[in-house]
Amino acid sequence: MAPAHYDEPDAVDVDVLRAPPRPAPPSPGKRETAPGPLSRPAGFMAAPKTAAGGPLVGAVVQGTDYSNFVVFNSKTSEVLSHHRVALTQEFPKEGWIEQDPKQILQSVNQCIEKTCEKLQELNIDISNIKAIGVSNQRETTVVWDKLTGEPLYNAVMWLDVRTQSTVEALSKKIPGNNNFVKSKTGLPLSTYFSAVKLRWILDNVRKAQKAVEEGRALFGTVDSWLIWSLTGGADGGIHCTDVTNASRTMLFNIHSLEWDKELCDFFEIPMDILPNIWSSSEIYGRMKTGALEGVPISGCLGDQSAALVGQMCFQEGQAKNTYGTGCFLLCNTGHKCVFSECGLLTTVAYKLGKNKPVSYALEGSVAIGGAVIHWLRDNLGIIKTSEESEKLANEAGTSYGCYFIPAFSGLYAPYWEPSARGIICGLTQFTNKSHIAFAALEAICFQTREILDAMNRDCGIPLSHLQVDGEMTKNKVLMQLQADILHIPVIKASMPETMALGAAMAAGAAEGVNVWSLKPEDLSTIMMERFEPQIKATESEIRYSTWKKAVMKSMGWVTGQPSESSESSNFSSLPLGFFIVTSMIMLIGARYISSIFS
């Protein structure tokens, strides 16, 4: 998923973000440049180079709660301008999380227009923008009418858990000795992925059912909705997706790189509503309107794949972790599918060209990362801004034995336990909000430790360091905690827009655009920041083992899933209510009669 939006106004402009000057190297946390490309020394990341006077490339980043448009100088990888717009989410019922697809599209158009205005104010010719890439929240599901361009229902978001009963029913149909869903998709059957969200829409939304019957419905993840809309919409828009987004639907065969008829039949999804599948780097179509009319859209990557590319993790064994709404640790496994025995996902990492080979990744997905800080702010009210969590945690310096399991939507990797719910345990009379803030940051780090341990077991070679990105990496307390809990160095890129960079690289490298070379010899270096462990390994292990004990206590809280439809739930408590009311009437009546004869 994409990085969370932290306490910015609805629209934020950054005119020019210059690369920071090279400081004298201090000890832990030092910044320096790399000695060479892709050698994976701790503390360095390569950046793409292009010919002198390089053209510009734009990147749309559509996240869980924001949209952003970033323009890069393709010679220097420098961010010249960007514009960011916050998005709202809707929570119609417990466990339901939705967004308005039209608001998503409008926010993207606003970001593009405002960024172009800013570039013109800086006397930068927007005609130098030669390509646009798209990076997006992945599993979020959209269904729309191809004749009118109108969404047929809100986008059902990746964290939405309304389909748990559907998942349970489908699980019973999979033979115990032949889990063909996982073997074909690399994914466990879960509410997380698009197929069950699409099935719910087709079962429960009459407008969508009718559109399917009449041949008017189109389905896609957010990238499909955006590309179709930006390339013309109902007037000739291109209905497509790339292999990374397709691999998150549970309808896509990651071996053949095609929609799979057996999977579509299993989920009862009509194949004619699915988008065409393309690589992550080729010209899909051109902008139909606006300031960038005629500019090709030539890159498309799911947000976590975009971050993997932006972090230059092109070699087998390279990994990155993105800290956003959730946390997503991806490890490049090269051109072969590696199936996890430890609760990780097998997914498509990227395919950077129509005729280029596909690369795969192991992924550890954590549902609640930065979202736990939003919860402290919006639900618990113990902080006013997300940045305050760093200040409180720094003041406390410890959780004082308090452990926070933020299983708001169950537990994802490595447990895949939908019955889990959030708990805070180890509270004493001494515990205060600073300790809870510290525990919340520790929770993000412990969850990352769990998926890193799983990845090390699957890969057989432990990572010597962890490359990180995402909005929450601005929090230095979090980064130091992460290094302490993993007991390996944490390496943070000075480039703040790694998702955007990955999408821009894919767009600029596309055949017919060719303004960005991704060859190893054409990669230069950018600066990194390094956080070294500062506690003993034994202390790290003690804290981690206590955390795992708390995780066990979070499981089994939900023993039965509520109905996905609300039609009967309004009346479910009537028998009990009737009994209580009649009992009260009888009691009052008895007392009244007793008072008459006394």
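Residues numbered from 1 in each chain as written. Predicted model: local features only at pLDDT ≥ 70, side-chain atom pairs only at ≥ 80, totals over all residues. Heavy atoms only, no water.

As named in an unreviewed UniProt entry, the chain is glycerol kinase, taken from Odocoileus virginianus. Looking at the Pathway (unreviewed entry) heading of the UniProt record, one finds this comment for the chain: "Polyol metabolism; glycerol degradation via glycerol kinase pathway; sn-glycerol 3-phosphate from glycerol: step 1/1." Checking UniProt for the chain, the heading Sequence similarities (unreviewed entry) contains the comment "Belongs to the FGGY kinase family." (UniProt positions renumbered as here; feature names shortened; annotations may be inferred.)

Engineer: Help me understand the overall build of the chain in this model?
Structural biologist: Counting secondary structure elements, the chain contains 16 helices and 27 strands. Within the chain, contacts between residues at least 6 apart in sequence are counted, and of these 75% link residues at least 24 apart. Summing over all exposed atoms, the chain offers an accessible surface of approximately 23,700 Å²; the carbon and sulfur share of this is 54%. (Helix = DSSP H or I, 4+ residues; strand = E, 2+ residues; numbered from the N terminus. Contact = heavy atoms within 4.5 Å. Areas by Shrake-Rupley, 256 points an atom, 1.4 Å probe, with all protein chains shown as cover.)

Engineer: Could you clarify how one ought to interpret helix H6 (residues 222–230) in this entry?
Structural biologist: Along an α-helix, residues three or four apart share an orientation, since each turn contains 3.6 residues. Burial analysis of H6 places nine of its nine residues in the buried class, which makes it a mostly covered element. The complete set of buried residues in H6 reads Val222, Asp223, Ser224, Trp225, Leu226, Ile227, Trp228, Ser229 and Leu230. Of the residues flanking the end of H6, it is glycine 232, one or two places downstream, whose phi is positive at about 135°. (Buried < 20%, exposed > 50% of the residue type's maximum accessible area, 1.4 Å probe, protein only.)

Engineer: Looking at this structure, how should I read the pattern of salt bridges?
Structural biologist: Side-chain pairing between opposite charges can occur once the charged atoms of the two side chains come close. Within the structure shown, the criterion is met by 28 salt bridges. With a closest N to O distance of 2.6 Å, lysine 336 and glutamate 316 form a salt bridge. Separated by 20 residues along the polypeptide, lysine 336 in the loop between strand E19 (327–334) and strand E20 (345–350) and glutamate 316 in the loop between helix H9 (303–310) and strand E18 (319–323) bring together distant segments of the chain. When salt bridges that share partners are traced, they join Arg138, Glu139, Arg248, Asp303 and Glu363 into one network. (Salt bridge = Lys/Arg side-chain N within 4 Å of Asp/Glu carboxyl O.)

Engineer: Honestly, the environment of tryptophan 375 in this entry has me stumped. Any pointers?
Structural biologist: By the element assignment, tryptophan 375 lies in helix H10 (residues 371–380). With relative accessibility at 23%, the residue tryptophan 375 sits in the partly exposed group. For the pair formed by tryptophan 375 and proline 406, sequence separation is 31 residues and the distance between their alpha carbons is 9.5 Å. Residue contacts for tryptophan 375: discarding those within four places in its chain leaves Leu380, Phe404 and Phe408.

Engineer: It is not clear to me how the pairing of strand E17 (residues 296–302) should be interpreted in this structure. Could you clarify?
Structural biologist: Regular strands place their side chains on alternate faces of the sheet. The buried fraction of E17 amounts to seven of the seven residues, a majority that puts the element mostly inside the structure. Relative to E17, strand E8 (residues 129–136) runs parallel, the two sharing five bridges. Residue pairing across strands places glycine 133 opposite glycine 299, the latter belonging to E17. The sheet contact formed by strand E16 (residues 281–286) and E17 spans three bridges and is antiparallel. (Pairing = 2+ DSSP bridges.)

Engineer: Help me out: how do you make sense of the packing of aromatic side chains in this one?
Structural biologist: Pairs of aromatic rings are described using the distance from one ring centre to the other and the angle between the two planes. Under the counting rule described, the total for this entry stands at 25 aromatic pairs. Considering the side-chain rings of tyrosine 192 and tyrosine 412, the 4.6 Å spacing of their centres and the 35° angle between planes classify their relative orientation as tilted. Pair noted here: tyrosine 192 is in the loop between helix H3 (180–185) and helix H4 (194–204) and tyrosine 412 is in the loop between strand E22 (403–405) and strand E23 (423–425), with a separation of 220 residues, a long-range link. Residues tyrosine 192 and tyrosine 412 agree in their burial class; the two are buried. The rings of Trp158, Tyr192, Phe193, Phe328, Tyr412 and Trp416 are connected pair by pair, giving a single aromatic cluster. A cation over an aromatic ring shows up here: arginine 162 above the ring of tryptophan 96, its NZ or CZ 3.9 Å from the ring centre. (Phe/Tyr/Trp six-rings, centres within 6.5 Å; stacked < 30°, edge-to-face > 60°. Lys NZ or Arg CZ within 6 Å of the ring centre and 35° of its normal.)

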